[in-house]
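# Survey of secondary and tertiary structure
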Amino acid sequence: MRRIRVLIAKPGLDGHDRGAKVISRALMDAGYEVIYTGIRRTPEEIVNMAIEEDVDALGLSCLSGAHLELFTRVAELLKEKGRDDILLFGGGTIPKEDIPKLLKVGFKKIFPPDSSVKETVDFLNEEFKTQRVG
Amino acid sequence: MRNLKLKELVDGVKRGDKFILGKAITLVENETEEGWKLLKYLYEFRNKIFVLGITGPLGVGKSTFIDKIIKGLSEEFGKTALLLCDPTSPISGGAFLGDRLRIKNAGENIFIRSMATRGFLGGISPTLPFILDLISSSPFRFIIVETAGVGQGEVGISKFSHLTIVMLSPGLGDEIQLLKGGLMEISDVIVITKGDYKEAESFFRGVKSGVSLYFKKKIPVHLVSSFNGKGINEVVESVINKKREIEGGKEYEILEEKRRFETFKYLIRERIIKNFVESFEKNGEIEDVKRGKVNIYRRIEEILKNWM
């Protein structure tokens, strides 16, 4: 049976991972297989994990302010390794003016502060609605 | 991404290309036709593998411990695959796979994959045996399987591993637990974690004396701390020695026979039994079964008679 696999990742030196864990749990409750990277991972580590785990989606969480550099690097590496088919999304303390920049490098959606958990779940449900089983 | 052709998958797995191995495992895990085809082709290219099973209750520190031993073991044995199992939610069918986050010492020669148990009881996923066969045709020939956290009766891993480490931590009961069948019986090595806790030493002594008193087999018991590194090297050495012992004697082939037979049984269940149930669902007979209109005992006898 096909299950949608999602990697939730924390790039960089930021240790604030409550959001990432809450999202991970909500996605499990919505029927996804979620792999969590844990904190302080490099973009290289994250992309290698996404490849080995063969995920369908990759969600990045960053609350340190370094999202432009880190998120962009992840998007570049996915392209380099031929896995830019993986659905990319992100969240954290991301100012509104940075969102278009991230969408431009390949992010499908960014969830800034005040986004609800449900929005993320709904977003993935919509993206994978033709592929859901069970 | 375009779909990979069968030949690309076969070649990629044989080469140990992590990208393709990742894709191939998904095909097998999802029990797709492509996945079965791949297994069929790769079966002729199996190599000798060694499977180290690591099991124990939730929270004893299995993943954290693996992170501490992985470097030493992969330096000794070369390319290493880590398969990390966590439970599937019985409510949503999803899973939170939270083992990999503990692994921080993985280098280029280590391949890691997280697996949900997908409703299967026993601490492992129902497709694990096939994934072991798949990986055996790749260069990753030392394979560590971490089970989901287990209780007393979940011994699935012992059918597929050549060496099984059962992990416990201080506070998990008294020596009566050692007398019970199930989990404790499948251990080849016992590792007690959290050796930095103040009650660890007395727990360790209790297990050690219980094991020497009640167990037929001689089982080494180690006290380790992933926090301060105590005892870790001794376990690495113990695994290296045990592996050599097993591979040097008749035991390896006995364990392989068991693994092949168990894999065959899993295959019958996954391919034949599931097909049967599906065909009953399709032709509507299952509705009659639910309503009690079919004598199920008679019906099964008929099916077996026609089939044999």
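Residues numbered from 1 in each chain as written. Chains lettered and ligands numbered in written order. Predicted model: local features only at pLDDT ≥ 70, side-chain atom pairs only at ≥ 80, totals over all residues.

Attention now goes to the overall build of chain A. If you tally the helices and strands in chain A, you get five helices and five strands. Going from the N terminus to the C terminus, chain A shows its helices and strands as β-α-β-α-β-α-β-α-β-α. Rg of the C-alpha trace for chain A: 13 Å, near the compact-globule value of 14 Å for 134 residues, within the 12% margin. Judged by the C-alpha coordinates and their principal axes, chain A covers about 40 × 35 × 25 Å. For chain A, buried positions account for 49% of its 134 residues. (Helix = DSSP H or I, 4+ residues; strand = E, 2+ residues; numbered from the N terminus. Rg over C-alpha atoms; globule rule 2.2 N^0.38 Å. Buried ≥ 20, exposed ≤ 12 C-beta atoms within 10 Å, placed from the backbone.)

Residues and elements named next belong to chain B. Segmenting chain B into domains produces domain 1 (1-43), domain 2 (46-248) and domain 3 (260-307). Counting from both sides, the interface comprises 13 residues of domain 1 and, opposite them, 14 residues of domain 2. Mapped by element, the contributors of at least two residues to the side of domain 1 that touches domain 2 are helix H1 (6-15), helix H2 (18-29) and helix H3 (33-42). Tallied by class, the residues present in the side of domain 1 that touches domain 2 amount to eight nonpolar, one polar and four charged. (Domains from an automatic or database assignment. Contact = placed C-beta atoms within 7 Å. Nonpolar A, V, L, I, M, F, W, Y, C, P; charged D, E, K, R; others polar.)

Take the pairing of strand S4 (residues 110-116) of chain B next. Residues and elements named next belong to chain B. Most of S4 is tucked away, with seven of its seven residues classed as buried. Neither face of S4 is exposed, since Ile110, Ile112, Ser114 and Ala116 on one face and Phe111, Arg113 and Met115 on the opposite face are all buried. In the sheet, strand S2 (residues 80-86) pairs with S4 via seven bridges, with the strands oriented parallel. Counted as the bridge partner of Thr80 is Ile110 from S4. (Pairing = 2+ DSSP bridges.)

Looking now at the interface of chain A and chain B. At the interface, 24 residues of chain A touch 24 residues of chain B. Secondary-structure elements contributing two or more residues to the side of chain A that touches chain B are helix H1 (18-29), strand S2 (33-36) and helix H2 (43-52) of chain A. With five residues, the single largest contributor to the side of chain A that touches chain B is H1 of chain A. A breakdown of the residues in the side of chain A that touches chain B according to their chemical character gives ten nonpolar, five polar and nine charged. Of the strand pairs in this sheet, S2 of chain A and strand S3 (residues 95-97) of chain B are connected by three bridges, and their pairing is parallel. What sits directly across from Val34 of chain A, in S3 of chain B, is Phe96 of chain B.

Take Arg25 of chain A: it is sitting in helix H1. Each C-alpha atom of the pair Arg25 of chain A and Gly65 of chain A lies 24 Å from the other, and the pair is 40 residues apart in sequence.

What follows deals with unusual backbone geometry. The residue Arg40 of chain A is not glycine, and still its phi comes out positive at about 60°. Structurally, Arg40 of chain A is set in the loop between S2 and H2. Even without glycine at this site, Glu31 of chain B takes up a positive phi of about 55°. Within the secondary structure layout, Glu31 of chain B lies in the loop between H2 and H3. Taking the C-beta count within 10 Å as the criterion, Glu31 of chain B has 17 such neighbours and is therefore assigned partly exposed.

Now for helix H4 (residues 62-77) of chain B. Residue and element names in this part refer to chain B. Helix geometry: H4 is bent most strongly at Ile69, by close to 40°. Buried within H4 we find Lys62, Phe65, Ile66, Asp67, Lys68, Ile69, Ile70, Leu73 and Ser74. Just downstream of H4 lies Gly78, where phi reads positive at about 80°. (Bend = angle between axes of the 7 residues up to and from the residue.)

Strand order in the open sheet formed by six strands is S5(A)-S4(A)-S3(A)-S1(A)-S2(A)-S3(B), and the pairing between neighbours is parallel. In this open sheet, the two strands that pair with only one neighbour each are strand S5 (109-111) of chain A together with S3 of chain B. Averaged over neighbouring strand pairs, the angle between their axes works out to 20° when direction is ignored. The pairing of strand S3 (residues 57-62) of chain A with strand S4 (residues 87-92) of chain A spans six bridges and is classified as parallel. Directly across from Ala57 of chain A, in S4 of chain A, lies its bridge partner Leu87 of chain A. (Axes fitted to C-alpha atoms, helices over the stretch in contact; angles between N-to-C directions.)

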